[in-house]
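# Tertiary structure, described
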Amino acid sequence: MKLDVIKLDGAKAGTVDLGDEIFGLEPRADILHRVVRWQRNKAQAGTHKVKTRSETSYSTKKIYRQKGTGGARHGDRNAPIFRKGGVYKGPTPRSHAHDLPKKFRKLGLRHALSAKARAGELVVLEAAELAEAKTAALAKSVKNLGWKRVLIIDGAEVNENFARAARNIEGIDVLPSMGANVYDILKRDTLVLTKAGVEALEARLK
């Protein structure tokens, strides 16, 4: 498929051919869902923790004698049945990550790129470069282009001036091609790829 290439000022800068094996697939929600779930589970901290009856701060003395009170039999106040007692089988620190084959992760990225292309939310930029790191200048260009929630994916390295200028603009994220991932692509309204980014992604996903 062919797509127009634009500059930061909105002027056209030719066209680019995008491979159908990466940008022309029929997006499948089940594949995207599995990859996003894998990403979010891997990112989860897993620091949840409750105190068991051996960790709560209370006396270990038997609260009253075994027989003759008319009440139920109890040991100490740390038992889960009591207020401020330990929690039975509560969460403990653990990793929520699970495995997903590399081939499937690549497939998910192809489907995410295809979903953006199919929805008309894919833009190809000639280059994400600035002579100096001026946020005001970049913010004006972004406003003129109508970008609100946008992810910009560059080549192997991001231009330092561009990254610094974009850092303080709400709704703009800049990633190198190796940082491209399904969750960030789907989360944004517009996906912007530089020409270097397109080449890097096609080399990575073939």
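Residues numbered from 1 in each chain as written. Predicted model: local features only at pLDDT ≥ 70, side-chain atom pairs only at ≥ 80, totals over all residues. Heavy atoms only, no water.

## Let's talk about the pairing of strand β6 (residues 190–194)
Most of β6 is tucked away, with five of its five residues classed as buried. Both faces of β6 are covered, namely the face carrying T190, V192 and T194 and the face carrying L191 and L193. Pairing analysis gives four bridges linking strand β3 (residues 122–125) to β6, with the strands arranged parallel. For L125, the partnering residue across the bridge sits in β6 and is T194. (Buried < 20%, exposed > 50% of the residue type's maximum accessible area, 1.4 Å probe, protein only. Helix = DSSP H or I, 4+ residues; strand = E, 2+ residues; numbered from the N terminus. Pairing = 2+ DSSP bridges.)

## Structural notes on the layout of surface pockets
Once rolled over the atoms, a probe with the size of a water molecule shows which space is left empty. Here the largest pocket is characterised by a volume of approximately 310 Å³. Around the largest pocket, the lining is made up of 13 residues, and of these W38, R105, K106, L109 and R204 lie nearest the centre. Listing elements by their share of the lining of the largest pocket, those giving two or more residues are α2 (29–43), α3 (102–118) and α7 (195–205). Among the elements that take part in the lining of the largest pocket, α3 stands out by supplying four residues, more than any other. (1 Å grid on protein atoms, 1.4 Å probe; cavity = no way out; pocket = protein on both sides within 12 Å on 5 of 7 lines; lining within 4 Å. Points joined across faces, edges and corners; volume = space filled by probe spheres on them.)

## What to know about α3
Taking 1.5 Å as the rise per residue, α3 with 17 residues should run 24 Å; its terminal C-alpha atoms sit 24 Å apart, in good agreement. Buried residues of α3: F104, G108, L109, R110, H111, A112, L113, S114, K116 and A117, and no others. Its buried side turned inward, α3 meets α1 (20–23), α2, β3, α6 (182–187), β6 and α7. Among the residues trailing α3, G120 stands out with phi positive, at a value near 75°. (Expected span 1.5 Å × (residues − 1). Contact = heavy atoms within 4.5 Å.)

## Observations regarding the packing of α3 against α7
Packing of α3 against α7 leaves a shortest axis separation of 10 Å and a crossing angle of 145°. As α3 runs across α7, the sense of the crossing is left-handed. On α7, the residues touching K106, L109, R110 and L113 of α3 are L201, R204 and L205. The class makeup of the residues in the contact of α3 with α7 is four nonpolar, no polar and three charged. (Axes fitted to C-alpha atoms, helices over the stretch in contact; angles between N-to-C directions. Left-handed = near helix turned anticlockwise from the far one by under 90°. Nonpolar A, V, L, I, M, F, W, Y, C, P; charged D, E, K, R; others polar.)

## Concerning the sheet that holds strand β2 (residues 12–17)
With mixed pairing, the six strands of this open sheet are ordered in space as β2-β1-β3-β6-β4-β5. Single-partner strands in this sheet number two, and they are β2 and β5 (172–175). If you compare each strand with its neighbour and ignore which way they point, the axes differ by 30° on average. Here strand β4 (residues 150–153) runs beside β5; their pairing, made up of four bridges, is parallel. When the sheet's bridge partners are listed, V150 is paired in β5 with I172.

## Description of unusual backbone geometry
Its identity as a non-glycine residue notwithstanding, K84 has a phi of 70°, on the positive side. Note that K84 resides in the loop between α2 and α3. We classify K84 as exposed; its relative accessible area is 67%. Phi is positive for K89, which is not a glycine, with a value near 55°. Within the secondary structure, K89 is located in the loop between α2 and α3.

## Section: the packing of aromatic side chains
All chains considered together, the criterion is met by zero aromatic pairs. In this arrangement the basic side chain of R34 is found over the ring face of F104, its NZ or CZ atom lying 4.2 Å from the centre. Between R40 and the ring centre of Y183, over which it is positioned, the NZ or CZ distance is 4.3 Å. (Phe/Tyr/Trp six-rings, centres within 6.5 Å; stacked < 30°, edge-to-face > 60°. Lys NZ or Arg CZ within 6 Å of the ring centre and 35° of its normal.)

## A word on the pairing of strand β1 (residues 2–6)
In the sheet, β1 pairs with β2 via four bridges, with the strands oriented antiparallel. Looking at β2, one finds that D4 is bridged to T15. If you look at the hairpin formed by β1 and β2, you'll find five residues sitting between the two strands, and G10 has a positive phi there, around 95°. Two strands pair when backbone bridges link them, and β1 and β3 are joined in this way by two bridges, in the parallel orientation. Considered in β3, the bridge of I6 is made with L125.

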